[in-house]
Amino acid sequence: MITSISYGQTTTYNQFWNEVQFTRTINEKWSTELDLAAAYSSTEFSSNIFQQNIQRSARLWGHYYYSPRWKFSSFLAYNFNKDVPEIGQFKSPEIRFALQGIYYFHKTGYTLSTRMRMELRHMRSEDGTYDNVLRYRQQIKYLQPINSKVLREGVVYGVASDELFFKSGTKVTGLSFFDRNRLNIGAGYLYTDDIQIELTYANEYLPRDEENQIVNAASLTVTFNNLFKNINKKLLHKSEPTKED
């Protein structure tokens, strides 16, 4: 679940993003992930963050753990950006495919990683035609456990990252090569080894053809690992006969 407040040069929108992430371990090398998300926004005439549902999306991941330092991933996603003239948004369905690699610099007491992602975005423009947009994203991320040297149940950690976005120029996304910069800083908590909560502040700078934008977002992310598998285990454990039985 992500809550954000977005600021443009002339107009301010308050937004609420929510995302549910389900990951499932297949074996030591492979895992899958399903993300379901929606976004809501205020308008120029209403401060209600749920005034308009502006986007719904679904994303299916495949993750391959090549080594302790390298993780390779790919996803296929569908984003439906609704027609919301009140915030200057037009109807723009999008199919997105991405290839991603993460390299981890494992250090004693903290983890530093760099993420490389190439996205192919097939998007509908305002005149009804579709454009293909290539976007490259480069991120560096720092993660520091606070009350332990490793991430495990009951551990609080700090996290900070910065990411640069570069894209091809099209009608639907504009002609600028630099898409945006995203800075994140915050903290997280591992409620269990399979449930993780993370609260961060995000700042985005988005240069656009008509005007630049700045987005400030407070984000709350909840992640579930092997949720249905763990529920099934608990149900089977409860159904097992005891010695008294």
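Quantities reported herein were computed from a predicted structural model and do not represent experimental measurements. (Residues numbered from 1 in each chain as written. Predicted model: local features only at pLDDT ≥ 70, side-chain atom pairs only at ≥ 80, totals over all residues. Heavy atoms only, no water.)

Undergrad: Pulling in residues and values, what's your account of the environment of Leu76?
TA: Within the secondary structure layout, Leu76 lies in strand 5 (residues 70–81). Overall, the relative accessible area of 52% leaves Leu76 in the exposed class. Filtering out sequence-adjacent residues up to four positions away, Leu76 remains in contact with Ala58, Arg59, Leu60, Ile95, Arg96 and Phe97. (Helix = DSSP H or I, 4+ residues; strand = E, 2+ residues; numbered from the N terminus. Buried < 20%, exposed > 50% of the residue type's maximum accessible area, 1.4 Å probe, protein only. Contact = heavy atoms within 4.5 Å.)

Undergrad: So what's going on with the pattern of salt bridges? Residues and values would help.
TA: Counting across every chain of the model gives 12 salt bridges. As a salt-bridge pair, Arg59 and Asp35 come within 3.3 Å of each other at their nearest N and O atoms. Note that Arg59 is positioned in strand 4 (residues 52–65) and Asp35 in strand 3 (residues 30–41), a separation of 24 residues in sequence. Each member of the pair, Arg59 together with Asp35, is buried. Put simply, Arg137 and Glu119 hold a salt bridge, and the shortest N to O gap is 3.0 Å. Taken together, the residues span a long stretch of sequence, with Arg137 in strand 8 (residues 130–145) and Glu119 in strand 7 (residues 110–124) at a distance of 18 residues. Look at Arg137 and you get buried, because its relative accessible area is 7%. When its relative accessible area of 0% is taken as the criterion, Glu119 is described as buried. Among the charged side chains, a network of salt bridges with common partners joins Glu94, Arg96, Arg115, Arg117, Glu119, Arg121, Arg135, Arg137, Glu163, Asp179 and Arg180. (Salt bridge = Lys/Arg side-chain N within 4 Å of Asp/Glu carboxyl O.)

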